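A closer look at the structure
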Amino acid sequence: MAANMLLAIQERLPDFSGAERAVGKYVLAHPEKVLQMNTKALAQAAGASPATVVRFARRMGTAGYADFKIQLSAEQHTDPLLLQEITPHEDLAMMKDKLSLRIRQTLTDTNQSLANDQVDAAVAQLAASQSMSVYGIGASLLAATDFVQKFSRLGLAPFLGRDIDEVIAHLVNQPAPGVVVLISNSGENPNVVTIAKSVPAGLTTIVLTKAPKSTLAKMADIVLVTQPTSITGQMRTAATTSLMAQLYAIDLVYYRYFQRRYKDHVQRIQTSFETLHRVQPRRH
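Numbering of residues begins from 1 in every chain and follows the order in which that chain's sequence is written. Two thresholds apply to this predicted model, a pLDDT of at least 70 for residue-level local features and 80 or more for giving and counting side-chain atom pairs, whereas whole-chain, interface and lining totals are computed over all residues. Hydrogens and waters are ignored; side-chain quantities use all the structure's heavy atoms.

In the annotation of an unreviewed UniProt entry, the entry for the protein reads Transcription regulator, and the organism field reads Schleiferilactobacillus harbinensis DSM 16991.

Shown next, in the form of structure tokens:
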């Protein structure tokens, strides 16, 4: 179920077929009117077929058109301004509402797109590995840094690559079995794709991306799919929500990994905390 059906429709319009997109646009323009329509009426209004309306409803994650209208009814009072990108003169309250809506949508959609079997496969490979390395560019580098920080506290030593030449040189000598985590929202960043091509046998490639059909995803052994929200236009919130989605996915993998040796990991976290507390100067 989408956190906000209207925002979810707006996000997914580019992925729909032409007929499905027409249905989506009509729903966005007339949400209250759609609640009073059956499939035939909506199909006629949108210039589509009843079968397309049903298919559209299911692609939105609902059981069918009736279920779709039930979920849509919860959005009757959504301010249309919340679905737009930020503007130069809106107040802070509106900006907070817009951003929080997108973050909730991102977390809900990413929670659904992260396939349980892929998460568990990633965790199993991490647990069986003698080495880990992680790489990302731009906002994805922040996510890579978060991955290293979390797993380092469990006594592991992930290698964080910041330069393509440095990463490729490291991969040649990385102990196997090992894991290479590549983070790219688009899955098409040429540097990250080059690194994926350089991963030697014996290392498992885990890709974190929003694009399961991307070049990078096709080269991966395991794909973790995120669903950031964004608004098409001159100004985009994609960098904010994509990072949020990536951090959530990393948190999920981390906690799942933590479960495998729960008591030992709790002890490591406690030891790490006590050591930091002991060596850091007291603040007055």
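1. Describing the overall build of the protein
A run of DSSP states H or I qualifies as a helix once it reaches four residues; a run of E qualifies as a strand once it reaches two. Both are numbered from the N-terminal end. A count of helices and strands for the protein gives 14 helices and 5 strands. Referenced to the eigenvectors of the C-alpha coordinate spread, the extents of the protein come out at roughly 65 × 55 × 40 Å. Three labels apply to residues, based on accessible area from a 1.4 Å probe with only protein chains included: buried if under 20% of the type maximum, exposed if over 50%, partly exposed otherwise in between. Across the 284 residues in the protein, those meeting the buried criterion constitute 44%. Residue pairs in contact within the protein that sit at least 24 positions apart in sequence constitute 65% of those at least 6 positions apart. Only the protein chains shown count as covering a residue, and every accessible area follows the Shrake-Rupley method with a 1.4 Å probe. Total accessible area computed for the protein in this model is approximately 14900 Å², and 54% of it derives from carbon and sulfur atoms. Charge-centre separation for the protein: the mean point of 29 positive side chains lies 3 Å from the mean point of 23 negative side chains. Two residues qualify as a contact provided that any one of their heavy atoms is within 4.5 Å of a heavy atom in the partner residue. Charge assignment: positive for Lys and Arg, negative for Asp and Glu; neither His nor the chain ends contribute. For the purpose of locating charges, the reference atoms are NZ of Lys, CZ of Arg, CG of Asp and CD of Glu.

2. Examining the sheet that holds strand S1 (residues 131-136)
Overall, parallel pairing links the 5 strands, which are arranged S2-S1-S3-S4-S5 in an open sheet. Strands with a single pairing partner mark the edges of an open sheet, and in this sheet they are strand S2 (159-161) and strand S5 (222-225). Within this sheet the neighbouring strands show an average axis-to-axis angle of 20°, counted without direction. One ladder, built from 3 bridges, connects S1 with S2; its direction is parallel. Directly across from valine 134, in S2, lies its bridge partner leucine 160. The criterion for strand pairing is that DSSP finds at least two bridges linking the strands in question. Only the stretch in contact is used when a helix axis is fitted, and all axes are lines through C-alpha atoms; the angle between N-to-C directions ranges over 0 to 180 degrees.

3. Examining the side chain of threonine 205
With respect to the helices, strands and loops of the structure, threonine 205 is situated in strand S4 (residues 203-209). Overall, the relative accessible area of 5% leaves threonine 205 in the buried class. Those residues within four positions of threonine 205 in sequence are excluded, and the remaining contacts are Val180, Leu182, Val199, Ala220, Asp221 and Ile222.

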